[in-house]
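Residue-level structural notes
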Amino acid sequence: MIFDHGITTHKRREMIDISKAVAGDIKTEGLNDGLCVVFVTHTTAAVTINENADPDVTRDMLYKFKQMVPENENYRHLEGNSDAHILSTLIGCSLTIPIQNGQLILGTWQGIYFVELDGPRQRRFKVKLLKG
Ligand code: ZN
């Protein structure tokens, strides 16, 4: 089974903590030990793990993403969102997280983030749980 989540984004670029949704899937499936794969089915969004305690961390990351990959360069792609395509590949579209005793093995300050890079939009992400 693959869990299919809808998510509404509100800004062009933002990071949304999806840790609780992913943990909920593990509970629903009743999986004790295994692996969790989180996958984003978009070319202008991404998924990553980073600090979920201080909101300034995601703010600073978004600030630096914009500096690293400016919105308006000499891009050719007619849709006008090449920056979002580039960042999607740099950040990545999937994560693999170990599960032990029914819990994601995340560090104290780690959260799973859906990264919107060309919003606002209706988005989806998938979660696949593997036993073993
Ligand atoms: Zn495009």
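Structure's up top.
Here is what the cut-offs are and how they apply
Residues numbered from 1 in each chain as written. Predicted model: local features only at pLDDT ≥ 70, side-chain atom pairs only at ≥ 80, totals over all residues. Heavy atoms only, no water. Pairing = 2+ DSSP bridges. Helix = DSSP H or I, 4+ residues; strand = E, 2+ residues; numbered from the N terminus. Contact = heavy atoms within 4.5 Å. Axes fitted to C-alpha atoms, helices over the stretch in contact; angles between N-to-C directions. Core = buried A, V, L, I, M, F, W, Y, C linked by side-chain atoms within 4.5 Å. Buried < 20%, exposed > 50% of the residue type's maximum accessible area, 1.4 Å probe, protein only. Polar contact = N/O pair within 3.5 Å; in protein donor to acceptor, adjacent residues only side chain to side chain. Salt bridge = Lys/Arg side-chain N within 4 Å of Asp/Glu carboxyl O. Donors = N, O, S within 2.8 Å, 3.2 Å for Na, K, Ca; no water. Arc of directions from axis to C-beta.

Looking at the sheet that holds strand S8 (residues 122-131)
Spatially, S1-S8-S3-S5-S6 is the arrangement adopted by the 5 strands of the open sheet, whose pairing is antiparallel. Two strands lie at the open edges of the sheet, namely strand S1 (2-8) and strand S6 (103-104), each paired on one side alone. Judged from the 6 bridges that link them, strand S3 (residues 34-40) and strand S5 (residues 94-100) form a sheet pairing that is antiparallel. When the sheet's bridge partners are listed, Val-38 is paired in S5 with Leu-95. Packing against the sheet, helix H1 (residues 19-29) makes contact with S1, S3, S5, S6 and S8, and its axis sits at approximately 40 degrees to S8.

Some thoughts on the nonpolar core
The biggest cluster of nonpolar side chains holds 21 residues, and the ones touching the most others in it are Ile-18, Val-22, Cys-36, Val-38 and Phe-125. Those elements giving two or more residues to this core turn out to be S1, H1, S3, strand S4 (45-51), S5, strand S7 (110-116) and S8. Sequence-distant contacts of Val-38, that is, excluding residues within four places in its chain, are made with Ile-18, Val-22, Val-47, Cys-93, Ser-94, Leu-95, Ile-97, Phe-125 and Lys-126. Grouped together as the second largest cluster of nonpolar side chains are 11 residues, Met-15, Leu-62, Ala-84 and Tyr-113 included.

Structural notes on the environment of His-10
Looking at the secondary structure, you find His-10 in the loop between S1 and strand S2 (14-17). Residue classification places His-10 among the exposed residues on the basis of a relative accessible area of 59%.

Focus: the side chain of Asp-118
Relative to the helices and strands, Asp-118 resides in the loop between S7 and S8. A polar contact of 2.8 Å, which involves the side chain of Asp-118, links it to the side chain of Asn-81. Each residue touching Asp-118, except ones within four places of it in the same chain, is listed here: Arg-12, Thr-44, Asn-81, Ala-84 and Arg-123.

A word on the pattern of salt bridges
Across all of its chains, the model carries 10 salt bridges by this definition. Between Asp-118 and Arg-121 there is a salt bridge, with the nearest N and O atoms lying 2.6 Å from each other. Judged by its relative accessible area of 13%, Asp-118 falls in the buried class. By sharing partners, the salt bridges in this structure join Arg-12, Arg-13, Lys-66, Glu-71, Asp-83, Asp-118 and Arg-121 into a single network.

Quick word on the coordination of the zinc ion
Listed as protein donors to the zinc ion are His-77 (NE2), Glu-79 (OE), Asn-81 (OD1) and His-85 (NE2); their distances from the metal cover 1.9 to 2.2 Å. Each donor residue of the zinc ion belongs to the same chain, with the gaps between them written as H-x1-E-x1-N-x3-H. Looking at Asn-81, the relative accessible area reads 2%, which means it is buried.

Side note on the sheet that holds S2
Pairing is antiparallel across the open sheet formed by 3 strands, whose spatial order is S2-S7-S4. The sheet is open, and its two borders are formed by S2 and S4, each paired with just one other strand. The sheet shows a mean angle of 35 degrees between the axes of neighbouring strands, direction not considered. Here 4 bridges tie S2 to S7, and the two strands are oriented antiparallel to one another. Residue pairing for S7: Asp-17 is matched across the bridge by Tyr-113. Contacting S4 and S7, helix H3 (residues 82-91) runs over the sheet at an angle of about 50 degrees to S4.

Re H1
Of the residues making up H1, those classed as buried are Ser-19, Val-22, Asp-25 and Ile-26. Down the axis of H1, the buried set is contained in an arc of 125 degrees. They therefore lie on one face. Along H1, the residues that are exposed and aim more than 90 degrees away from the buried face are Lys-20, Lys-27 and Thr-28. At the C-terminal side of H1, Gly-30 shows a positive phi close to 70 degrees.

From the geometry alone we can't say anything about function, so treat these as descriptive.
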